[in-house]
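An overview of the molecular structure
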Amino acid sequence: MSDLGGRLFGSAEGSTVTLPVLEVQELEVRFPGRTRWLRERRMDIRPVAGVSLELAPGETVGLVGESGCGKSTLARAIVGLVPVSAGVVRVGGVDLTTLRGGDLQCARRSVQLIFQDPYGSLNPRLRVGTTIWEALNLRKTNSLPNREKIAALLFEVGLDPEVRYCFPHQLSGGQRQRVAIARALAVDPLVLVADEPTSALDVPVQTRILNLLREVQMRHDMAMLLITHDLHLVRKVCHKVAVMYLGHLVELMPVTEQVQPLHPYSRALAAAAPSLLSHGRGETSELPLGEVPSFLKLPPGCPFAPRCKLRKPICDKALPLLAEAGEDHLVRCPVTLQVHN
Amino acid sequence: MPVSSLLAVEDLSVRFTAGAVSIEAVRSINFRLAPGECLALVGESGCGKSVTALALLGLLPDYATITGKVFWRERELNALSPDERRAYRGRRMAMVFQEPASSLNPVYTAGEQVAEAIRLHRRLPRREAMAQAIALLEEVRVPDAAQKAHSYPHQLSGGMRQRVLLAAALACEPELLLADEPTTALDVTVQKQILDLLSQLQRKRRMAMIFITHDLALVPQLADRMAVMYAGSLVEFGPAAAVIAAPAHPYTRALVTTHPELWVGGEPLPELPGLPPDPSQRSEGCPFAPRCQHVQPVCQTRFPPPVPLGEGRWAACLTSVAGSLVRRRVVP
C-alpha cells in the first residue's frame, strides 16, 4: 500500500470514461465557536458548508470569491490541513477522510498545495535543495539519485540548478514561488491546489508563474484547482469556474464565450473587476450592497440575500438549491433561474 | 511656469546612501498637475512610486538626498523649513496609504483620529471637531457613522478602515490627495466601492489626485493622465486612455499586452522576460534596455530624453518612437 494514490489509481488510461481525479462531496468544515460563560448556545462557524466539486485529469477549475468566504479553508480541507467534519474528499478514488496514519500520509502526496505567500511557505533555515530533498524523500520509489532529481526539478520550473545552494531570502518572490512549485512536483501529485499563487507577485512575474503552472500541469496531466479573486485570469486559464460565497458554492459554470454568470453575486464580482477596456466611470448598479456578513451572523435563507438587489421573500426562507441553468451550469438562485428559463 | 498648474515637479531625484552603497530611487522626474486633475502613477514594486509620493509630501527620512524642485503654485517646497513644510501637509496635500490597518492608531477610536486631524489644523473645541468628524465619515459613506465613530480600528473591516483613513485625509479639505495603492489590500467588490468613492469625492471637491497603483486596469476608470515609472524614471506620460490604447514605450506596451484581460486563451500567455535592474547598479543607458525587444546600440550608452508625441504625450524611448511601431493600438 506504499504507493496508495500515486501511480495505482493515477490514470484512467485505457478506460473510455475519464474518472474525476478529485471528487469533493458535501464537504463540510466546522470550527467550534467559543463557549461563553453562562451562555448555553455555542456558535460554531462553517467556512465550508457542503461543497461538491469534481476535477478531471488535466482540468483547471477556478475558485473565486471574496476573502473570508471559505476558499482557502476548502483548499486546506482538500489537502488535509484542517479537519473535515463531514463529507468526502476522494483523490484518485481513495477517500482521504477515512484514512489514518501511514496510509493517509501516502495518499496525501497525490494532492499538493501551493500557498499564496512564497515568503511564508518555505522554511527560511533550509537551503532550497534541502527543501526539495525532503519532499523527494517522502516517496521512496525514486530511481535517480536525489542530487540529479533535485537539479531536474529545478530545471523543470525554470531555475538554475545552482539555486539549490541558496536560502529562500536570497531569492525573489517569483523564484520562491518556483521553488514551491518544484517542491509540490517532487512527489508526483495528481492534483495541484494553488491558493492565490500569484497575488503576492508583480504583474509581469504573475504571468510567468501562471505559464509555468499551466506548462507543468499539461506535462504531468494534473488537475488544478486555482483559487483566485482575479476574474480575468479565471476566464483565460480555467475550464470551469466555481463561485463561492460564505461557505457555499453559488455558481458552477463552464468557461466559454456563450456562458455568462447568472447568480447575482457572480455578476457583482464580474462587474467589480477592474477593466483596461472601461471608459470613464463604470456601471455601479451591479455592485452588492454593504460588505460580507460575518459567519457568526449568517442570514437564515440565501447567504447573499441581505446584499442582493433581486431579493424576494422566498430568499429569506431557506437556502436555495443548486439548480441547473444549462449544460454543466449550476446556479443557487431561484429568482434568476426563473427569469433565465 | 504656467499659472494653471497646482504642482510642478522639476528634475526631482531621490538618493538613499548607506555606507558605500548609494541608490538612486527616483531619477530626475518631471511632471505637472493641474488643479482637480487625477494623475495615475503606474509601475512595478520597487520602481520608486511611493518614494516619489513621500518626496512630494516631504516625509522622507533625513538620510535621503533630494535634489530638484517641487513647486506648489509659485512656492518651491524643497526650499521651505520643516515647519513651513508641515503647514502644507494635511492642509493642502494629504495622503492615503496602502495598508489601512497599520496607518490607524489601534488605541484611538475612528472618530477620535479623524477629529485629531481636524484639530491639528483648525482650533476647534473637541466636541465640534467630533461632530465634523462624524459628518466626514458620513461623506465617505461609513454606515451608522455616529456609532462607527466610537469603534476602534480592529472592530472595522478593511474597507471601513480605508474609509476612515480617507475621512482623516479629507479633514482639512486638501487640494491634492496622494493615494498610494489604496485598494491593494481589499477585495474586488470593496475595491470598486472605494474607487467610485474616490472619483466622486475628487469631482465634488475639485481636488487633484495622484493615484499610485501597480494595476493598470484601475487607471481608466479614475485617471485623466498617467505616468509610467520604471526603475526610478518616468518612461511614458500622457492622457490615460490614449496611453493604454496605444502605448509608445516598450515597457508600457509590455504592461498592457501581458495584462490578463487581454490574453487570448490557449497558447502560453504573453510574458515580459527578465527583471528590473538592481537599483545599486544603474547604467548610463536606458534602464529598460536589457529587457527590451527593440534595443539598439544607442540605448546602452545614453539615457533617452522624452520624445514628444503630441497631445501632451511623451515617451522616453528613442528606438520604438522613431521606428515603425509608433503607437500601434493594442487595445480594441
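Residues numbered from 1 in each chain as written. Chains lettered and ligands numbered in written order. Predicted model: local features only at pLDDT ≥ 70, side-chain atom pairs only at ≥ 80, totals over all residues. Heavy atoms only, no water.

1. Structural notes on the overall build of chain B
A count of helical and extended segments in chain B gives 12 helices and 12 strands. Relative to the globule expectation of 20 Å for 332 residues, the C-alpha radius of gyration of chain B, 21 Å, shows essentially globular dimensions. The C-alpha extent of chain B, read off along each of the three principal axes, is 65 × 50 × 40 Å. Looking at chain B as a whole, 53% of its 332 residues are labelled buried. Within chain B, residue pairs in contact and separated by at least 24 positions form 65% of the contacts whose partners lie at least 6 positions apart. Mean positive and mean negative side-chain charge positions of chain B (35 and 32 charges, respectively) differ by 4 Å. (Helix = DSSP H or I, 4+ residues; strand = E, 2+ residues; numbered from the N terminus. Rg over C-alpha atoms; globule rule 2.2 N^0.38 Å. Buried < 20%, exposed > 50% of the residue type's maximum accessible area, 1.4 Å probe, protein only. Contact = heavy atoms within 4.5 Å. Lys, Arg positive; Asp, Glu negative; His and termini not counted. Charge placed at Lys NZ, Arg CZ, Asp CG, Glu CD.)

2. Concerning the overall build of chain A
Assigned secondary structure in chain A consists of nine helices and 12 strands. Burial analysis of chain A (341 residues in total) assigns 52% to the buried set. In chain A, once contacts between residues fewer than 6 apart in sequence are set aside, the share between residues at least 24 apart is 65%. Accessible area of chain A: about 16100 Å², with a carbon and sulfur share of 54%. (Areas by Shrake-Rupley, 256 points an atom, 1.4 Å probe, with all protein chains shown as cover.)

3. Focus on the sheet that holds strand 5 (residues 94–95) of chain A
Residue and element names in this part refer to chain A. Across the sheet, which stays open at both edges, the four strands sit in the order 2-1-4-5 with antiparallel pairing between neighbours. Bordering the open sheet on either side are strand 2 (45–55) and strand 5, each of which pairs with just one other strand. Two strands pair when backbone bridges link them, and strand 1 (residues 22–31) and strand 4 (residues 86–91) are joined in this way by five bridges, in the antiparallel orientation. Bridging from a neighbouring strand, glutamate 23 pairs with arginine 90 of strand 4. Contacts from helix 1 (residues 71–79) reach strand 1, strand 2 and strand 4 within the one sheet, and its direction differs from that of strand 1 by about 115 degrees. (Pairing = 2+ DSSP bridges. Axes fitted to C-alpha atoms, helices over the stretch in contact; angles between N-to-C directions.)

4. Notes on the side chain of Thr52(B)
Residues and elements named next belong to chain B. Relative to the assigned elements, threonine 52 resides in helix 1 (residues 49–57). Engagement of the side chain of threonine 52 in a polar contact is seen with the backbone oxygen of glycine 48, the distance being 2.6 Å. In this view, threonine 52 contacts Val26, Ile29, Leu41 and Met229; residues no more than four positions away in its chain are not counted. (Polar contact = N/O pair within 3.5 Å; in protein donor to acceptor, adjacent residues only side chain to side chain.)

5. Examining the pairing of strand 2 (residues 21–33) of chain B
Residues and elements named next belong to chain B. Across nine bridges, the pairing between strand 1 (residues 7–18) and strand 2 is antiparallel. For valine 9, the partnering residue across the bridge sits in strand 2 and is phenylalanine 31. The antiparallel hairpin formed by strand 1 and strand 2 contains two residues in its connecting segment, where glycine 19 sits at a positive phi of about 65 degrees.

6. Focus on the packing of helix 5 (residues 173–185) of chain A against helix 6 (residues 203–220) of chain A
Residues and elements named next belong to chain A. Where helix 5 contacts helix 6, the two axes come as close as 10 Å, and the packing angle between them is 15 degrees. Taken together, the axes of helix 5 and helix 6 are roughly parallel relative to one another. Where helix 5 crosses over helix 6, the two elements pack in a sense that is right-handed. Packed against helix 5, whose contacting residues are Gly174, Gln177, Arg178, Ile181 and Leu185, the element helix 6 presents Val205, Arg208, Ile209, Leu212, Leu213, Val216 and His220 at the interface. Taken together, the residues that form the contact of helix 5 with helix 6 break down as seven nonpolar, three polar and two charged. (Parallel < 35°, antiparallel > 145°, perpendicular 65-115°, else oblique. Left-handed = near helix turned anticlockwise from the far one by under 90°. Nonpolar A, V, L, I, M, F, W, Y, C, P; charged D, E, K, R; others polar.)

7. Some thoughts on the interface of chain B and chain A
Note: interface size is frequently given as the accessible area lost on complex formation between the parts. Taken together, the contacts link 45 residues of chain B with 34 residues of chain A. Roughly 3600 Å² of surface becomes buried between chain B and chain A when both sides are summed, with 56% attributable to carbon and sulfur atoms. Among the residues chain B hides against chain A, the three largest losses belong to Val188(B), Thr189(B) and Glu261(B). Together they make up 18% of the total. For the interface between chain B and chain A, the tally reads nine residue pairs in polar contact (both at pLDDT 80 or more). For the side of chain B that touches chain A, the secondary structure elements donating two or more residues are helix 7 (158–170), helix 8 (188–205) and helix 10 (250–257) of chain B. (Buried area = accessible area lost by both parts, 1.4 Å probe.)

8. Digging into the pattern of salt bridges
Taken as a whole, this structure holds 19 salt bridges over all chains when the rule is applied. In this structure, Asp44(A) and Arg30(A) form a salt bridge, with 3.7 Å as the shortest nitrogen-oxygen distance. One end of the pair, Asp44(A), is in the loop between strand 1 and strand 2; the other, Arg30(A), is in strand 1, with 14 residues separating them in the sequence. Taking the relative accessible area as the measure of exposure, Asp44(A) reaches 26% and is therefore partly exposed. Among the residues examined, Arg30(A) registers a relative accessible area of 39% and is labelled partly exposed. Across the pair Arg73(B) and Glu175(B) runs a salt bridge, and its minimum N-O distance is 2.9 Å. Taken together, the residues Arg73(B) in the loop between strand 4 (64–72) and strand 5 (75–76) and Glu175(B) in the loop between helix 7 and strand 7 (176–180) connect sequence positions 102 residues apart. (Salt bridge = Lys/Arg side-chain N within 4 Å of Asp/Glu carboxyl O.)

9. Examining the nonpolar core
With 68 residues, the main nonpolar core has Leu166(B), Leu177(B) and Met226(B) as its most contacted residues. Among the elements that make up this core, the one with the highest residue count is helix 7 of chain B (seven residues). Those residues within four positions of Leu177(B) in sequence are excluded, and the remaining contacts are Ala94(B), Met95(B), Val96(B), Leu166(B), Ala169(B), Leu198(B), Met207(B), Ala208(B), Met209(B) and Ile210(B). Formed by 65 residues, the second largest nonpolar core is a distinct cluster that contains Ile150(A), Ala272(A), Phe304(A) and Cys315(A). (Core = buried A, V, L, I, M, F, W, Y, C linked by side-chain atoms within 4.5 Å.)

10. Brief notes about the side chain of Glu251(A)
Residues and elements named next belong to chain A. Position of glutamate 251 relative to the elements: it lies in strand 10 (residues 248–254). Buried charge glutamate 251 goes without a salt bridge, the closest partner of opposite sign being arginine 267 at 8.1 Å. Here leucine 262 takes part through its backbone nitrogen, which lies 2.9 Å from a polar atom of the side chain of glutamate 251. Excluding anything up to four places from it in sequence, glutamate 251 contacts Val241, Ala242, Val243, Gln260, Pro261, Leu262, His263, Ser266, His329, Leu330 and Val331.

11. Considering the pairing of strand 7 (residues 191–195) of chain A
Residue and element names in this part refer to chain A. Among the five residues that make up strand 7, five are buried, leaving the element largely enclosed by the rest of the structure. Sheet topology places strand 6 (residues 111–114) next to strand 7; four bridges connect them, and they run parallel. Paired with isoleucine 114 across the two strands is alanine 194, which belongs to strand 7. Bridging between strand 7 and strand 8 (residues 223–228) involves five bridges; their strand directions are parallel.

12. A look at the packing of aromatic side chains
This structure, assessed with the given rule, holds nine aromatic pairs over all chains. Considering the side-chain rings of Tyr245(A) and Tyr265(A), the 4.4 Å spacing of their centres and the 50 degrees angle between planes classify their relative orientation as tilted. One end of the pair, Tyr245(A), is in strand 9 (residues 240–245); the other, Tyr265(A), is in helix 8 (residues 264–272), with 20 residues separating them in the sequence. The pair formed by Tyr245(A) and Tyr265(A) is uniform in burial state, with each residue classed as buried. Where Phe237(B) meets Trp314(B), the ring centres are 6.0 Å apart and the plane angle is 10 degrees; that geometry is what we call stacked. Taken together, the residues span a long stretch of sequence, with Phe237(B) in strand 10 (residues 233–239) and Trp314(B) in strand 12 (residues 313–315) at a distance of 77 residues. On the basis of relative accessible area, Phe237(B) is assigned to the buried category, the value being 4%. One aromatic cluster is present, built from ring pairs that chain together Tyr245(A), Tyr265(A) and Phe304(A). (Phe/Tyr/Trp six-rings, centres within 6.5 Å; stacked < 30°, edge-to-face > 60°.)

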